[in-house]
Amino acid sequence: MQAQPLIAVSDVEASSRWYQTVLGCKSGHGGPDYEQLMFEGHMILQLHRWDAHHHAHLGKPDQPVGNGALLWFWTDDFDDAVDRAASIEATVLEEPHENRNAQHREIWLRDPEGYVVVIAGPYGDVGM
């Protein structure tokens, strides 16, 4: 089994650019209504425009997004991901830090739509 989370967004193409930059992934579909973001041949995230295709269970755009859910990504190139987030001035909720309970490093971001995105990676010596 492999997770393929989908989030609803108001601007699929802008969200796609943000995630491609921050996560270092690529477009697997493209378009204004739906996107598949790919990393090393695997879909890691789907983006769906709120009002496209009338999915009954997608949620409601007038409600807060992501309450109680985090988009969590693991990367072996944590420092590069932090640099990519800085290059686009991503909103940082928590600066890069060690999570000793989980035994890794993390940075917490907010994407342009308001979703919380956590990037985690192995310990290293930059900023620690």
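Note that the structure is predicted; figures quoted are calculated from it, not measured. (Residues numbered from 1 in each chain as written. Predicted model: local features only at pLDDT ≥ 70, side-chain atom pairs only at ≥ 80, totals over all residues. Heavy atoms only, no water.)

## Describing the overall build of the protein chain
And step 1. In terms of regular secondary structure, the protein chain is built from two helices and eight strands.
And step 2. In the protein chain, the succession of α and β elements from N to C terminus is β-α-β-β-β-β-α-β-β-β.
And step 3. Relative to a compact globule of 128 residues, whose C-alpha radius of gyration would be 14 Å, the protein chain shows 15 Å and is just as compact.
And step 4. Expressed along its principal axes, the backbone C-alpha trace of the protein chain runs to roughly 45 × 30 × 30 Å. (Helix = DSSP H or I, 4+ residues; strand = E, 2+ residues; numbered from the N terminus. Rg over C-alpha atoms; globule rule 2.2 N^0.38 Å.)

## Topic: the sheet that holds strand S4 (residues 42-49)
And step 1. With mixed pairing, the four strands of this open sheet are ordered in space as S1-S4-S3-S2. Two strands bound the open sheet, and with one partner strand each, they are strand S1 (6-9) and strand S2 (26-27).
And step 2. Note: S2 against strand S3 (residues 34-39), two bridges, orientation antiparallel. Across the sheet, Ser27 pairs through a bridge with Leu37, a residue of S3. (Pairing = 2+ DSSP bridges.)

## Some points on the side chain of Ser16
And step 1. Among the secondary structure elements, Ser16 is positioned in helix H1 (residues 12-23).
And step 2. Separated by 2.8 Å, the side chains of Ser16 and Glu35 make a polar contact. (Polar contact = N/O pair within 3.5 Å; in protein donor to acceptor, adjacent residues only side chain to side chain.)

## Comments concerning the sheet that holds strand S8 (residues 116-121)
And step 1. If you trace the four strands from one edge of the open sheet to the other, you get S5-S8-S7-S6, paired in mixed fashion. Unpaired on one side and paired on the other, strand S5 (71-74) and strand S6 (91-99) mark the two borders of the sheet. Put simply, the sheet's adjacent strands are angled 15° from each other on average, direction ignored.
And step 2. Strands in contact with helix H2 (residues 78-87) are S6, strand S7 (104-110) and S8; relative to S7, the strand with the most contacts, it is inclined by about 20°. (Axes fitted to C-alpha atoms, helices over the stretch in contact; angles between N-to-C directions. Contact = heavy atoms within 4.5 Å.)

## Examining the nonpolar core
And step 1. Tyr19, Leu109 and Ile119 are the most contacted members of the largest nonpolar core, which totals 26 residues.
And step 2. Of all the secondary-structure elements, those providing two or more residues to this core are S1, H1, S4, S5, H2, S7 and S8.
And step 3. The dominant element in this core, judged by the number of residues it contributes, is H1, at five residues.
And step 4. Excluding its chain neighbours within four sequence positions, the residues that come into contact with Tyr19 are Ile7, Gly24, Cys25, Leu37, Leu45, Leu47, Leu71, Phe73, Asp111, Tyr115 and Val117. (Core = buried A, V, L, I, M, F, W, Y, C linked by side-chain atoms within 4.5 Å. Buried < 20%, exposed > 50% of the residue type's maximum accessible area, 1.4 Å probe, protein only.)

## Regarding the packing of aromatic side chains
And step 1. Scanning all chains against the criterion turns up two aromatic pairs.
And step 2. Plain terms: the ring middles of Trp18 and Tyr19 are 4.8 Å apart, the flat faces sit at 75° to each other, and that makes the pair edge-to-face.
And step 3. Relative accessible area serves as the criterion here: at 0%, Tyr19 is assigned to the buried category.
And step 4. With centroids separated by 5.7 Å and ring planes inclined at 80°, the aromatic side chains of Trp72 and Trp108 adopt a geometry described as edge-to-face. Note that Trp72 is positioned in strand S5 and Trp108 in strand S7, a separation of 36 residues in sequence.
And step 5. When its relative accessible area of 41% is taken as the criterion, Trp72 is described as partly exposed.
And step 6. Trp108 sits in the buried class, given a relative accessible area of 19%. (Phe/Tyr/Trp six-rings, centres within 6.5 Å; stacked < 30°, edge-to-face > 60°.)

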